[in-house]
Amino acid sequence: MGERLVVVSNRVAGDRPPAGGLVFALHDCLTQMGGIWVGSGADLVEAPAPALRHAPADGYDRYLLDLTEDEQAQFYLGYSNSVLWPLCHGRTDLMQIKRGQYAGYRAVNARMADQMLDVLDPDDLIWIHDYHFLPLAEELRRRGVTNRIGFFLHIPFPAGHDIGALSQSDALMEWLGAYDLIGLQSERDVAQFIGTSRQHPGTEILMDGRVRMGNRLVAVRACPIGIDVAAFQGEIGTGEAVTLSKGEKLIVGVDRLDYSKGLPQRFDAMEHFLDTRTDADPTATFLQVAPISRGEVAAYQDIRQTLEQKAGAINGAHGTPNWMPIRYISQSMDRAELAGVFRQSAVGLVTPLIDGMNLVAKEYVAAQDPDDPGVLVLSRLAGAAEQMTDALQVNPYDPTDMGEAIRTALAMPLDERKARHARLLTGAVHEDIHWWTRTYLDQLRQVRAVPVFPLSA
Ligand code: GDG
């Protein structure tokens, strides 16, 4: 049998075309290459099924592990999103370590490995995604799987000093040692990984950039995810436009409602801009779209309240009967509408406190009119900042810095806007989503974590 691609990720595309981000990228890759996609089902079940549920899709096969309510609580909302997500985003203060979560996380990974054995072939190229399934390769290896297994972490690799907050910090490195290739979003993440590896017993950094982990050699590479530029541009013009008055400029932010996205600081930046406004500044309305995600986790409820209060206070202080400076929407928008709003906006604000990559930054650039483009204001702490050096880069913790960047962006001459945009667009087109999958999978085919002698035999 020839090579077949097996992708594993928590979310799997449903029957309708996927809306964005990771799911879109993997759907696109599998549609082109064929293969199978393994992940969690959308609905909860009463009791675990004895096998993965087969759900064919157009061009590839899906196999779903349906979670019980308890597994959803411990594996997904618990260990994945209340422990690993805050850890990787530098928010150890928001970690909610509770009894049963870790066991639930391990149990779902073990069950996934057990049930995957029924669908795996010896020549399969296995590509596991994200923090939900960190231990999956180790589980598969224990069951005798010798295939090449790659991992891609979509979120930042945790800082060395934060990892101590994870009760299973040693296990983390052992899980990673079971892969052949660890893909990370940015060079910053690779540096974090190397720094952490140095402190981990039994791990050694080799001259060729590989890492000896226990008795295996693992390759670690930065491979920044991109978008399908043409597909996103194809959405423009099909959605409804935002109504603005004459001369009014639009500033846009689009993020899942998440504490890593720097939204309170962004609202403060808008407040700074309004507080220091002069007659030279145009009237600018800030539209923030922030669909609720992980609403069951307490930290996500808190951020929502904070934003509602800030929006109300800023509008109360600066609004007039005919104009409100902030339009804040906590519902999801249609993708076509989103593309149109990006196109209409003079400024795109993408200011996460930390982010693995951030696809909105790339989508904003893709959506601009090259003859009259808007300006991207980008956090220097987003993974995307390494590639997108022609954005106006800001410190997302500093509302004054961001407020002044809004002013600079609104006043930027057309020539400079065009030059910056052209370079950003060239980058987004060159390192797009197809480049990402091709580059990652080519590397996975080339590397092999050959077993070597243990360090201290
Ligand atoms: C993780 C990492 C990394 C948002 N609101 C709406 C909507 N979106 C779409 C955006 C974009 C996607 O969701 C969000 O992607 P991001 O990359 O910005 O962020 P995460 O969800 O945190 O993704 C991140 C990514 O994985 C991929 O590796 O870049 O760093 O955290 O596509 O447009 N789409 C629609 N309506 C909305 O209201 N239709």
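The following refers to the structure shown. (Residues numbered from 1 in each chain as written. Predicted model: local features only at pLDDT ≥ 70, side-chain atom pairs only at ≥ 80, totals over all residues. Heavy atoms only, no water.)

## Some words on the sheet that holds strand β1 (residues 4-8)
Read across the open sheet, the 10 strands follow the order β3-β4-β2-β1-β5-β6-β7-β10-β9-β8; overall the sheet is mixed. Looking along the sheet, the strands with just one partner apiece sit at the ends: β3 (53-57) and β8 (203-205). The average undirected angle you get between the axes of adjacent strands in this sheet is 20 degrees. Judged from the five bridges that link them, β1 and strand β5 (residues 124-129) form a sheet pairing that is parallel. When the sheet's bridge partners are listed, Val 8 is paired in β5 with Ile 128. In this fold helix α3 (residues 101-116) packs onto β1, β2 (36-40) and β4 (60-65), with an angle of close to 135 degrees to the strand it touches most, β4. Taken strand by strand, helix α7 (residues 187-199) contacts β7 (181-184), β8, β9 (210-213) and β10 (216-222), and its axis lies near 150 degrees from that of β10. (Pairing = 2+ DSSP bridges. Helix = DSSP H or I, 4+ residues; strand = E, 2+ residues; numbered from the N terminus. Axes fitted to C-alpha atoms, helices over the stretch in contact; angles between N-to-C directions. Contact = heavy atoms within 4.5 Å.)

## Things to note about the sheet that holds strand β11 (residues 249-254)
With parallel pairing, six strands are arranged side by side in an open sheet as β13-β12-β11-β14-β15-β16. The open sheet is flanked by β13 (326-329) and β16 (392-394), the only strands paired with a single partner. The average undirected angle you get between the axes of adjacent strands in this sheet is 20 degrees.

## Here we look at the packing of helix α11 (residues 335-344) against helix α12 (residues 359-367)
As a packed pair, α11 and α12 sit with axes 8 Å apart at the nearest point and diverge in direction by 70 degrees. What the angle tells us is that α11 and α12 run roughly perpendicular. The interaxial crossing formed by α11 with α12 has right-handed handedness. Between α11, through Arg 335, Ala 339, Phe 342 and Arg 343, and α12, the contact on the second element is made entirely by Val 360, Glu 363, Tyr 364 and Ala 367. Classifying every residue of the contact of α11 with α12 by side-chain character gives five nonpolar, no polar and three charged. (Parallel < 35°, antiparallel > 145°, perpendicular 65-115°, else oblique. Left-handed = near helix turned anticlockwise from the far one by under 90°. Nonpolar A, V, L, I, M, F, W, Y, C, P; charged D, E, K, R; others polar.)

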